[in-house]
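So the chains spell out like this:
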Amino acid sequence: MLGTARAASHGHDIRGQAADLSTLVGDAEARVLAAEQQAAGLQQQIDAAAAGDVSPQVEKARAVVAGLRPAAQLTAVAGPGLRVSLSDAPRDSDGNYPVGVDPDDLVVHQQDVQAVVNALWAGGAEAMTIMDQRVLSTSAVRCIGNTLLLQGRTYSPPFVIAAIGDADQMTAAIQQEPGVAVFLQYVQRYQLGFDIERVDAMTLTGYQGPIRMSSAEQGVK
């Protein structure tokens, strides 16, 4: 072990070389934002070029694509629904958590957010956003410490999930979700935040990120 450490360090002290995870995430987020801006510019060029082709085949293909946009979560949706907020336990006046308590018990975790998302879908949600980002079938909820990582961007609590659909059905689904029931135990014991708000009218923006094509098929005339 000592020999391996010496070979890796080339004779230098490696104790202070531990990666700062938050810095790595921040750097990655900056790269994602830059790539998204570049992709948006290229997409505008593609759309402009496609608009110049007025052939019947192109017009037909564009009409098909336009019809698929709502199902792909690319268009805004309006209607009644729920807004759910999850937040960490409060700190004292000095910014510290209670003594003798595991810090992991005092923060919102990935599985807590995912449990709410799953419950809302199960309750018939028609559309959903997390921190104002539209949720797709490919969206993955990841947490690093108490920071949420979603589609290349990071967010701090409180984490807000909004869903359009039948408020009664979605509320009932949340109440029946086992993962939410576990989270509520920590809410009662450590005062983590959990709030469900009925909203008569809300508008959820369409997905704004890049579209990644996993496969393509050429039709045969």
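Placed above this text is the structure.
Residues numbered from 1 in each chain as written. Predicted model: local features only at pLDDT ≥ 70, side-chain atom pairs only at ≥ 80, totals over all residues. Heavy atoms only, no water.

Glancing now at the pattern of salt bridges. Enumeration according to the criterion identifies 2 salt bridges in this entry. The residue Asp-168 makes a salt bridge to Arg-198 at a minimum N-O spacing of 2.6 Å. You can see Asp-168 sitting in helix 5 (residues 167-176) and its partner Arg-198 sitting in strand 8 (residues 193-204), a full 30 residues away along the chain. Relative accessible area serves as the criterion here: at 49%, Asp-168 is assigned to the partly exposed category. Residue classification places Arg-198 among the partly exposed positions, given a relative accessible area of 49%. (Salt bridge = Lys/Arg side-chain N within 4 Å of Asp/Glu carboxyl O. Helix = DSSP H or I, 4+ residues; strand = E, 2+ residues; numbered from the N terminus. Buried < 20%, exposed > 50% of the residue type's maximum accessible area, 1.4 Å probe, protein only.)

Below, the discussion takes up the side chain of Gln-133. Tracing the sequence through the fold places Gln-133 in strand 3 (residues 133-134). Residue Gln-133 is classed as buried on the basis of its relative accessible area, which comes to 11%. A distance of 3.2 Å separates the side chain of Gln-133 from the backbone oxygen of Leu-150, its partner in a polar contact. (Polar contact = N/O pair within 3.5 Å; in protein donor to acceptor, adjacent residues only side chain to side chain.)

Our next topic: the sheet that holds strand 1 (residues 77-87). Strands sit in the order 3-2-7-1-8 across an open sheet of 5 strands; the sheet is antiparallel. Each having just a single partner strand, strand 3 and strand 8 make up the two edges of the open sheet. The sheet contact formed by strand 2 (residues 127-130) and strand 7 (residues 159-164) spans 4 bridges and is antiparallel. For Met-128, the partnering residue across the bridge sits in strand 7 and is Ala-163. Across the sheet, helix 4 (residues 110-122) is in contact with strand 1, strand 2, strand 7 and strand 8; its angle to strand 7 comes to roughly 5°. With respect to the sheet, helix 6 (residues 178-190) is in contact with strand 1 and strand 8, its orientation differing from that of strand 8 by roughly 125°. (Pairing = 2+ DSSP bridges. Contact = heavy atoms within 4.5 Å. Axes fitted to C-alpha atoms, helices over the stretch in contact; angles between N-to-C directions.)

Overall, antiparallel pairing links the 3 strands, which are arranged 4-5-6 in an open sheet. In this open sheet, the two strands that pair with only one neighbour each are strand 4 (142-144) and strand 6 (153-155). Recorded for the sheet is a direction-independent mean angle of 35° between the axes of neighbouring strands. Examined bridge by bridge, strand 4 and strand 5 (residues 147-150) share 3 bridges and lie antiparallel to one another. Within strand 5, the residue paired with Ile-144 across the bridge is Thr-147.

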